[in-house]
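In case you want the letters, here they are:
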Amino acid sequence: DFFEVPPPSGPQARVMSTGTGTVEGHLKTGGEQVTFANKAVAGSIDPECQRVFELLKIRRKHRFIVYKIDPESEAVVIETIGPRAGQLVDLKAALPENDARYAVYDWEYTTYDGRPTNKLYFVSWFPSNATPYAKMAYTQAKTHVRDVFTGVFDVMARTLPELEALITGEAEEEEDQEFGDDDF
């Protein structure tokens, strides 16, 4: 019932021998092994990350902290620290539009009965045009990072309007509605 397929011949049959074994070449690349730049991998968390997070959480020294995976040390490190006078627009300006990041944001607001209060948000920033390697690395490292940052609400955002809606609790405007309100 099983049949044997003969191996391909010609230019499609390129076989590469590496130090670890044999790798068949891909048809589209002609056997060339493609590697990607900025391949992020997280192996550890810099101790400075937790120290600065405690300053934000307990002592209220900062408004936000943006973290990234350092490609050289393969550790999660601090990229940007927002001053206490900073706002949500400053956090949005600190996030790159084409790479993944983590952020912790201290959002101050007034409750319905007039009391000032705040919430800490752990933001997983995964924009749609980030590389798949970055998204996978940040997703894989998230469990280790979340163990360090306790007592925060976890949100994931792909766009800046989505981030603002998740933090402020205001509804995000629908941009891609198929039908308008006047169609019915």
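Further up the page is the structure itself.
The model shown is predicted, which means the values in this text are computed figures rather than measured ones.

**Quick notes on the sheet that holds strand β6 (residues 101–110)**
Reasoning step 1: With mixed pairing, six strands are arranged side by side in an open sheet as β3-β5-β4-β6-β7-β8. A strand with exactly one partner marks an edge of an open sheet, and here the two such strands are β3 (44–45) and β8 (153–157).
Reasoning step 2: Strand direction decides the pairing type here: strand β7 (residues 116–125) and β8, joined by five bridges, are parallel. Among the inter-strand pairings, Ser124 is bridged to a residue of β8, identified as Met156.
Reasoning step 3: Running at roughly 165 degrees to strand β4 (residues 62–70), helix α1 (residues 47–57) makes contact with β3, β4, β5 (75–83), β6 and β7 of the sheet.
Reasoning step 4: Of the strands in this sheet, β6, β7 and β8 are in contact with helix α4 (residues 160–168), which crosses β8 at around 160 degrees.

**Comments concerning the nonpolar core**
Within soluble globular proteins, side chains that are nonpolar generally end up buried alongside one another.
Reasoning step 1: Counting residues in hydrophobic clusters, the biggest one holds 22 residues, and the most contacted among them are Tyr67, Val76, Tyr102, Val104, Phe122 and Phe149.
Reasoning step 2: Where this core is concerned, the elements lending two or more residues are α1, β4, β6, β7 and α3 (132–148).
Reasoning step 3: With six residues, the single largest contributor to this core is α3.
Reasoning step 4: Among the nonpolar cores identified, the runner-up in size contains 16 residues, and Leu88, Val155, Ala157 and Leu163 belong to it.

**Let's talk about unusual backbone geometry**
Reasoning step 1: A positive phi angle, near 55 degrees, is found at Arg60, a position not held by glycine.
Reasoning step 2: Residue placement: Arg60 occurs in the loop between α1 and β4.
Reasoning step 3: For Glu74, which is not glycine, the phi dihedral falls at a positive 55 degrees.
Reasoning step 4: Assessed through its relative accessible area of 38%, Glu74 is described here as partly exposed.

**Here we look at the pattern of salt bridges**
Reasoning step 1: This structure, assessed with the given rule, holds twelve salt bridges.
Reasoning step 2: Between Arg51 and Glu48 there is a salt bridge, with its nearest N and O atoms 2.6 Å apart. Of this pair, Arg51 and Glu48 both sit in helix α1, three residues apart, which is roughly one turn of the helix.
Reasoning step 3: Note on Glu48: relative accessible area 34%, which makes it partly exposed.
Reasoning step 4: Taking the shortest distance from any N to any O, the salt bridge between Asp154 and Lys142 comes out at 3.3 Å. Of this pair, Asp154 sits in strand β8 while Lys142 is found in helix α3, placing the two residues twelve residues apart along the sequence.
Reasoning step 5: By relative accessible area, Asp154 is classed as partly exposed at 38%.
Reasoning step 6: Counted as one network, the salt bridges with shared partners bring together Arg60, Arg63, Arg84, Asp106 and Glu108.

Reading the values: rules and limits
- Residues numbered from 1 in each chain as written.
- Predicted model: local features only at pLDDT ≥ 70, side-chain atom pairs only at ≥ 80, totals over all residues.
- Heavy atoms only, no water.
- Pairing = 2+ DSSP bridges.
- Helix = DSSP H or I, 4+ residues; strand = E, 2+ residues; numbered from the N terminus.
- Contact = heavy atoms within 4.5 Å.
- Axes fitted to C-alpha atoms, helices over the stretch in contact; angles between N-to-C directions.
- Core = buried A, V, L, I, M, F, W, Y, C linked by side-chain atoms within 4.5 Å.
- Buried < 20%, exposed > 50% of the residue type's maximum accessible area, 1.4 Å probe, protein only.
- Salt bridge = Lys/Arg side-chain N within 4 Å of Asp/Glu carboxyl O.

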